[in-house]
Amino acid sequence: MMNLEPQQIFQLVSLLAVLALFSFSLRGHIDYARWFKRWEADRKARRDAELAAEARANGEAGDEPKTGPWG
């Protein structure tokens, strides 16, 4: 039977702590990426709705709302 020395125990505990910190950090980054994609999609939907409302107000009901740098 092999006994672990204190240095080996410390290394093992340190490795497990780093793994736990990495997993929490990764989960936070993934959650942030999901939130940002959802926020960006909502922002685009609001902007498209604003453009459509402006187009209706200007009497251009038949045209699609124009987006992009050229109009």
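Placed above this text is the structure.
Rules used throughout
Residues numbered from 1 in each chain as written. Predicted model: local features only at pLDDT ≥ 70, side-chain atom pairs only at ≥ 80, totals over all residues. Heavy atoms only, no water. Helix = DSSP H or I, 4+ residues; strand = E, 2+ residues; numbered from the N terminus. Buried < 20%, exposed > 50% of the residue type's maximum accessible area, 1.4 Å probe, protein only. Areas by Shrake-Rupley, 256 points an atom, 1.4 Å probe, with all protein chains shown as cover. Patch = residues over 30% accessible without salt bridge, like charges linked within 9 Å, V, L, I, M, F, W, Y side chains within 5 Å. Salt bridge = Lys/Arg side-chain N within 4 Å of Asp/Glu carboxyl O. Expected span 1.5 Å × (residues − 1).

Enquirer: Looking at this structure, how should I read the overall build of the protein?
Expert: A count of helical and extended segments in the protein gives one helix and zero strands. Looking at the 71 residues of the protein, the share that counts as buried comes to 3%. A total accessible area of about 6700 Å² is found for the protein, and carbon and sulfur atoms account for 63% of it.

Enquirer: I'm lost on a nonpolar patch on the surface in this one. Help?
Expert: Together, M2, L4, I9, L12, V13, L16 and L19 make up a nonpolar patch on the protein surface, roughly 710 Å² of accessible area in all. By the element assignment, L4 lies in the segment before α1 (6–57). Judged by its relative accessible area of 47%, L4 falls in the partly exposed class.

Enquirer: Honestly, α1 in this entry has me stumped. Any pointers?
Expert: An α-helical segment advances 3.6 residues per turn. Residues three or four places apart therefore align on the same side. Its 52 residues give α1 an end-to-end C-alpha distance of 76 Å, which sits within 8% of 76 Å, the value for a rise of 1.5 Å per residue. Two residues or fewer after α1 comes G59, characterised by a positive phi angle close to 85°.

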